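# Results of the structural survey
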Amino acid sequence: MTSKKKTYAQIGVFLLITFGIMMTFGWKGISDNELEGTITPFEYLCYYLATFSPAIGCIAARYVFHEGFRDDILFPKFTGHFKGYLLSVLLPVAFGLLNCVIITIVLGAGFTIKAENGLLEVIAAISVKSVEFYIAAFILIGEELGWRAFLYDKLEKLFGLHGSIIIGGIIWGLWHIPPLITIGLNFGKDAPAFPITNIALMCVLCIFLGAIMQLLRKMTDSVIAPIIAHAVIDTVCNVLFSIFLSNELVEGKNFIIGCCMLVPALLIGTACWIYMTRKNVSK
């Protein structure tokens, strides 16, 4: 088998397993019950199976093709990679702040701290989310081990950097179809032409978030930095929402808020994309 055919075969096995698990368990594991706090143990099991499906696909494909993890991509490599790990925190925080600013501008609201008890409430919110960060980081191993530790690298061998970011982002976005439909992930259920619009916008979002994650993966030669960045986005953004945006402001505006999120993703993702191109970051 030629190298190119082998890479196609590896991607095929990965996608078959990853999407097979997600499309089997994702519908039951991610539902409105989770939002209502009534999720059952079975639904939790389905949720984790779906979330870890990229990791399962990665491990299975590496095993089938005797690849293993000899590339050490699972291990943090701090020496000489400080900038990458610093950016894994700074870029998501910038994403969250810019997102809040854009939302307040679009909705015509003031950008002020809404916490009634001031600084103490802000510190408490950050403390709670710092605990959630570790939980999110563990869960997101399931995603990043598949996307950044496998799929994007394989796609880059076949289609180059630009192709890997575009095709990888579309695949990553399509993988979210169950939660996009069942709970209206990111864009709500009130979007025009639901769920087609949601799926299309999610693919666009994943293309540019994928550029951010891929830059961090290349800068550190490890999947740990993308895991950190992904976890920071999922937790810190919620903190910023709770600090700066009132419930009255955002209630019932899921589609608008989801579209606002595309702006910082486009800006930061494009900057990372251009940096990778000009600096020829090739690890």
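On a plain count of helices and strands, the protein chain comes out with 11 helices and 0 strands. Traced from its N-terminal end to its C-terminal end, the protein chain shows the element sequence α-α-α-α-α-α-α-α-α-α-α. Across the 283 residues of the protein chain, 51% fall into the buried class. Long-range contacts, defined here as pairs at least 24 residues apart, represent 80% of the contacts in the protein chain between residues at least 6 apart. For the protein chain, the accessible surface area stands at approximately 13,300 Å², while carbon and sulfur atoms represent 69% of it.

Within the largest apolar cluster, 62 residues are counted, with the highest numbers of intra-cluster contacts made by Phe-95, Trp-147 and Leu-209. Those elements that provide at least two residues to this core are α1 (3–29), α4 (53–64), α5 (82–106), α6 (119–175), α7 (177–182), α8 (196–220), α9 (224–244) and α11 (254–279). It is α6 that provides the largest number of residues to this core, a total of 16 residues. Every residue in contact with Leu-209, bar those within four places of it in the chain, is listed here: Phe-95, Trp-172, Ile-233 and Ala-265.

When the terminal C-alpha atoms of α8 are compared, their 36 Å separation across 25 residues agrees well with the 36 Å that a helix rising 1.5 Å per residue should span. Among the 25 residues of α8, 22 are classified as buried, and the element is accordingly described as predominantly covered. After α8 finishes, the residue Asp-221 shows a positive phi value of roughly 55°.

On the surface, Phe-82, Leu-86 and Leu-90 cluster together into a nonpolar patch covering about 310 Å² of accessible area. Among the structural elements, Leu-86 can be located in helix α5.

Moving on, we get to the packing of aromatic side chains. Tallying each qualifying case throughout the model produces 8 aromatic pairs. When the centroid spacing of 5.8 Å and the interplanar angle of 85° are considered together, the rings of Phe-14 and Trp-147 count as edge-to-face. Residue Phe-14 is located in helix α1, and its partner Trp-147 is located in helix α6; the two are separated by 133 residues in the primary sequence. Each member of the pair, Phe-14 together with Trp-147, is buried. Members of the aromatic cluster, connected to one another through ring pairs, are Phe-14, Trp-147, Phe-150 and Trp-175.

With respect to the helices, strands and loops of the structure, Cys-237 is situated in helix α9. Take Cys-237: its relative accessible area is 9%, and that puts it in the buried class. Separated by 137 residues in sequence, Cys-237 and Cys-100 place their C-alpha atoms 8.5 Å apart. Ignoring any residue separated from it by four or fewer positions in sequence, one finds Cys-237 in contact with Phe-95, Gly-96 and Val-232.

Close contact between α5 and α8 brings their axes to 8 Å; oriented N to C, the two are set at 165°. Relative to α8, α5 is oriented roughly antiparallel. Between α5 and α8 lies a crossing whose hand is left-handed. Counting all contacts with α5, which are made through Lys-83, Gly-84, Tyr-85, Leu-87, Ser-88, Leu-91 and Phe-95, the residues of α8 involved are Leu-209, Ile-212, Leu-216, Met-219 and Thr-220.

Each value, and the rule that gives it
- Residues numbered from 1 in each chain as written.
- Predicted model: local features only at pLDDT ≥ 70, side-chain atom pairs only at ≥ 80, totals over all residues.
- Heavy atoms only, no water.
- Helix = DSSP H or I, 4+ residues; strand = E, 2+ residues; numbered from the N terminus.
- Buried < 20%, exposed > 50% of the residue type's maximum accessible area, 1.4 Å probe, protein only.
- Contact = heavy atoms within 4.5 Å.
- Areas by Shrake-Rupley, 256 points an atom, 1.4 Å probe, with all protein chains shown as cover.
- Core = buried A, V, L, I, M, F, W, Y, C linked by side-chain atoms within 4.5 Å.
- Expected span 1.5 Å × (residues − 1).
- Patch = residues over 30% accessible without salt bridge, like charges linked within 9 Å, V, L, I, M, F, W, Y side chains within 5 Å.
- Salt bridge = Lys/Arg side-chain N within 4 Å of Asp/Glu carboxyl O.
- Phe/Tyr/Trp six-rings, centres within 6.5 Å; stacked < 30°, edge-to-face > 60°.
- Axes fitted to C-alpha atoms, helices over the stretch in contact; angles between N-to-C directions.
- Parallel < 35°, antiparallel > 145°, perpendicular 65-115°, else oblique.
- Left-handed = near helix turned anticlockwise from the far one by under 90°.

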